[in-house]
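Summary of structural features
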Amino acid sequence: MKQIFEITDQNIINEVLNNSKYGTLAICDNNKPYSLPINFVKINENIYFHGSKKGRKIDILKNNQFASFSVVENYSMIQSYFSSTDELACPATQFFKSIIIDGKIEFVEDYDEKVLALQKLMEKLQPEGKYKPLKDEVYKKMINATTIYKLVPDELKAKFKFGQHLNQERFDMIINHLEKRNNPKDILTIKLMKELKEKE
């Protein structure tokens, strides 16, 4: 079942990562997990983050560089009766895209690399521009006071769940219900359902 949902096309994976504004970074301190939502930007194969030079997150990462980062895009909620007439709760589910990246954190000390990371993050979050480039001298003090760190991946897994595993009858039932509900997310979900089903 997991293989049915697994996505390996790097272009599709990059599209999700580039469109997502934030994800969840999970780290661990003395066998106690700690996770936090955080903005990010992908440059080449690495995931870059920024933040304060002090705090719980930094203290943990200095002691344990292993980390896991996840991004989720949620699509239509599929009510139980959308794909079944047996009146059981079990068929209820959520359609989604998810990416999980495991690896090690490295702190970025090179000033030019820090500038690049912050510039790419601004281009992602504020694509309309209207700010001085991060290489401008006006930012130097602020950049030096900012911690930049990156997740260097060891493993990446992407999973898209859009009913690819269902037989045609149940698949069509969901399409019909989504068409009747017809909210913007449902319309997009239908499009993705059909695209992924065709690839099976």
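Computed from a predicted structure; not experimentally measured.

Conventions we followed
- Residue positions are given per chain, counting from 1 as you read along its sequence in written order.
- Local features in this predicted model are restricted to residues of pLDDT 70 or higher, and side-chain atom pairs are both shown and tallied only at a pLDDT of 80 or more, whereas totals for entire chains, interfaces and linings draw on every residue.
- In computing side-chain values, all of the structure's heavy atoms are included and hydrogens and water are not.
- At least two bridges found by DSSP between two strands is the condition for calling them paired.
- Runs of E in the DSSP output that reach at least two residues are strands. Runs of H or I that reach at least four are helices, and both are numbered from the N terminus.
- Only heavy atoms matter for contacts: two residues are in contact if any of them lie within 4.5 Å across the pair.
- Centre distance within 6.5 Å is the pairing criterion for rings of Phe, Tyr and Trp, where only the six-membered ring of Trp is used; planes under 30 degrees apart are then read as stacked, over 60 as edge-to-face, and the remainder as tilted.
- Here the term buried applies to any residue with accessible area under 20% of the maximum for its type, exposed to any over 50%, and partly exposed to those in between, with areas from a 1.4 Å probe on protein chains only.
- The rule is short: NZ of Lys or CZ of Arg within 6 Å of the ring centre and within 35 degrees of the ring normal puts a charge over the ring.

Another aspect to go through is the pairing of strand S8 (residues 147-161). Taken together, the two bridges between strand S1 (residues 6-7) and S8 define a ladder with antiparallel strand orientation. Residue Ile7 lies in a different strand from S8, and its bridge partner there is Ala158. Two elements, strand S5 (residues 46-51) and S8, share five bridges in a ladder whose sense is antiparallel. Following the sheet pairing, Tyr48 is matched in S8 by Lys150. Note that strand S7 (residues 93-108) and S8 share 13 bridges and pair antiparallel.

One can find Pro33 in strand S3 (residues 32-39). Residue contacts for Pro33: discarding those within four places in its chain leaves Ile27 and Cys28.

This paragraph deals with the packing of aromatic side chains. Considering all chains together, one arrives at seven aromatic pairs under this definition. Here the aromatic rings of Phe95 and Phe162 are separated by 5.9 Å at their centres, their planes lie at 55°, and the arrangement is tilted. Of this pair, Phe95 sits in strand S7 while Phe162 is found in the loop between S8 and helix H6 (168-181), placing the two residues 67 residues apart along the sequence. Aromatic side chains Phe107 and Tyr149 sit 6.1 Å apart centroid to centroid with 50° between the ring planes, which places their arrangement in the tilted category. Of this pair, Phe107 sits in strand S7 while Tyr149 sits in strand S8; the two residues are 42 residues apart in sequence, bridging distant segments of the chain. The exposure class of Phe107 is partly exposed, given its relative accessible area of 28%. Residue class for Tyr149 comes out buried when judged on its relative accessible area of 0%. Linked through ring pairs, Phe40, Phe49, Phe69, Phe107 and Tyr149 together constitute an aromatic cluster. Sitting above the plane of the Tyr111 ring, Lys140 keeps its charged end 5.8 Å from the centroid. Against the face of Phe171 rests Lys197, its NZ or CZ located 4.9 Å from the ring centre.

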